[in-house]
Amino acid sequence: MNDRPAPPLRTHLPEEHRWLSAFYAALIRLGAEVWDASLGDGHLQLAFGAPAPDRLRVRISPRRPDQRSFKEVGRFAVAYEGRRELGEDGKRILEAVLRVLQKLEPRLPGGLPGAAAILRTPGTPEDTLMRLFPFVTVERSTAGEEEEAEVLVRTLSGCNQRCPFCSGPKHDLPSTETVVACIEQTAELLPGAMFSLTGGEPTLKPTFREELLTALEHPGIGRVQVQTNAVRFARDIDPAQIPASPKLSFFVSLHGLSEEIYDACTGTEGLLLEALEGISRLLDAGHQLILNTVVSSLNLEHLPVLVAGLPGLEAAVRPTYHVSALICPETNPDAARYLVRYSEIVPKVNEALALARERGFEVTSLLSSTHATVPPCTLPEGSFLPADGRHMSAAVQQESGTLEEGRDWVKAETCGGCAANAACLGVPRAYARTFGLDELRPLDERGRRSVAG
């Protein structure tokens, strides 16, 4: 411990979480070198010392009967990680945390809801934004020579559908004040970024329109996207009350055009007609739409029927058609049940995209879904070049590893020599466990696969 920590560089402290400032200041007074304090998803995370693999991290959570913890204080449990051996310094830090928690425990809200943060080190703009707002993720993608940051803002976890392959994480509901603060910080840290409202189903939030318009009107936000199933636009929300803008688009999930397949893909009954009505009303209001199909074992064979019936061909602003692959997050282990090999998906999807193009729709590349894409080497030989379409930026390499390393995304040992390596995440860990990595073959600069993987 020392008595000279630098002042925090970034803060997000809604009125109801001003206690976090007192918590942070009390630790400093006791000589605990706290760098970051962030509240989110019902936990208070404290990081001590300069960023390093073995830095001490303390987690304060509401007490639960089945919870493992280091100590318990009143309504809260304290755990730590990052050091195998605490040492005298670590012990003093934990003692300081326990003393402050014991003193301030009556002021802490039950359940630790909401989001707040005090960050001493900013890191990269993406890292800073995600630490300030735990309900945010940032993706960078490249199209030709242009790179774009997309800020995915999960304004709530709830949804009116229960897709069995859903990749949306669970988290606390951020207040409108917090979402507005996120818009401001996005404009400052990542000017020109795309701000995507997602969830869950973002239209279920009572303040959805207010948050959407705030993002849309902010000059520092490049584009705004709403990721939705469109059901609430059938009767609950009037799309005409949202100004149509070249800055705004709606990314609408449409996984089937038969009630049986739509119900299976969404875990609901009887919502297909409402979704189609919502899509129709969005188009009538002049909004830009991207119709997205997540391809799985439930709807792969249905793709020709779906594409043949895609709505919007007569709309003034014709929608774009987009296809996504399963992500299979570790938070939803059941999603792996719906996986199909990429070698089976790719030819059927390419046929569907060709049919959509013949019908007059603009379509996007199979590589344009950032995380929800297929590895470039699974496409027909020669169809991928480094500047071909929108794809993940070079920073994604940091997210990939081997199956043994426990990363969410996995690559084969030979992927390091692939021309597409910088733009490819590999495969979800669940995919690697299910099918292995046989399909991954390094590409040369002309998009040709190696003979041996």
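Residues numbered from 1 in each chain as written. Predicted model: local features only at pLDDT ≥ 70, side-chain atom pairs only at ≥ 80, totals over all residues. Heavy atoms only, no water.

An account of the nonpolar core is needed here, citing residue identities and associated values.
Within the largest apolar cluster, 94 residues are counted, with the highest numbers of intra-cluster contacts made by Val136, Val151, Phe195, Phe250, Leu310 and Tyr321. When near neighbours in sequence (up to four residues on either side) are disregarded, Val136 contacts Leu129, Met130, Val151, Leu152, Val153 and Cys182. Ala37, Val78, Ala96 and Leu101 belong to the second largest nonpolar core, which has 33 residues in total. (Core = buried A, V, L, I, M, F, W, Y, C linked by side-chain atoms within 4.5 Å. Buried < 20%, exposed > 50% of the residue type's maximum accessible area, 1.4 Å probe, protein only. Contact = heavy atoms within 4.5 Å.)

Tell me about the packing of aromatic side chains, residues and numbers included.
Centre distance and the angle of the planes are the two values used to describe a pair of aromatic rings. Using the criterion set out here, one finds 6 aromatic pairs in the structure. Judged by centre distance (4.2 Å) and plane angle (10°), the rings of Tyr342 and Tyr431 are stacked. Of this pair, Tyr342 sits in helix H9 (residues 342–359) while Tyr431 is found in helix H10 (residues 429–435), placing the two residues 89 residues apart along the sequence. Considered together, Tyr342 and Tyr431 belong to a single accessibility category, that of buried residues. What links up through ring pairs into an aromatic cluster is the set Phe208, Phe233 and Phe250. A cation over an aromatic ring shows up here: Lys71 above the ring of Phe70, its NZ or CZ 5.8 Å from the ring centre. Stacked on the ring of Trp35, the Lys or Arg Arg120 has its end atom at 3.7 Å from the ring centre. (Phe/Tyr/Trp six-rings, centres within 6.5 Å; stacked < 30°, edge-to-face > 60°. Helix = DSSP H or I, 4+ residues; strand = E, 2+ residues; numbered from the N terminus. Lys NZ or Arg CZ within 6 Å of the ring centre and 35° of its normal.)

Go over the packing of helix H1 (residues 19–29) against helix H2 (residues 87–104), please, and point to the residues and values.
In the contact formed by H1 and H2, the axes pass within 10 Å of each other and the chain directions differ by 140°. The angle between H1 and H2 falls in the class oblique. As H1 packs across H2, the resulting crossing turns out to be right-handed. Here Ala22, Phe23, Ala26 and Leu27 of H1 lie close against H2, whose contacting residues are Ala96, Val97, Val100, Leu101 and Leu104. Counted by class, the contact of H1 with H2 contains 9 nonpolar, no polar and no charged residues. (Axes fitted to C-alpha atoms, helices over the stretch in contact; angles between N-to-C directions. Parallel < 35°, antiparallel > 145°, perpendicular 65-115°, else oblique. Left-handed = near helix turned anticlockwise from the far one by under 90°. Nonpolar A, V, L, I, M, F, W, Y, C, P; charged D, E, K, R; others polar.)

Explain the pairing of strand S2 (residues 34–40) to me, and be specific about the residues and the numbers.
With 7 of 7 residues buried, S2 is to be regarded as a mostly interior element. As consecutive antiparallel partners, S2 and strand S3 (residues 43–48) are separated by 2 residues, and within that stretch Asp41 has a phi angle of approximately 55°, a positive value. As paired strands, S2 and strand S7 (residues 116–119) are joined by 4 bridges and run antiparallel to one another. Looking at S7, one finds that Ser38 is bridged to Ala117. (Pairing = 2+ DSSP bridges.)

Explain the sheet that holds strand S6 (residues 76–81) to me, using residue names and the numbers behind them.
Taken in spatial order, the 7 strands line up as S1-S7-S2-S3-S4-S6-S5 in an open sheet, and their pairing is antiparallel. Strands with a single pairing partner mark the edges of an open sheet, and in this sheet they are strand S1 (10–12) and strand S5 (71–73). On average, each strand axis in the sheet is tilted by 20° relative to the strand beside it, whichever way the strands run. Pairing analysis gives 6 bridges linking S2 to S3, with the strands arranged antiparallel. What sits directly across from Leu39, in S3, is Leu44. In this fold H2 packs onto S3, strand S4 (56–62), S5 and S6, with an angle of close to 25° to the strand it touches most, S4.

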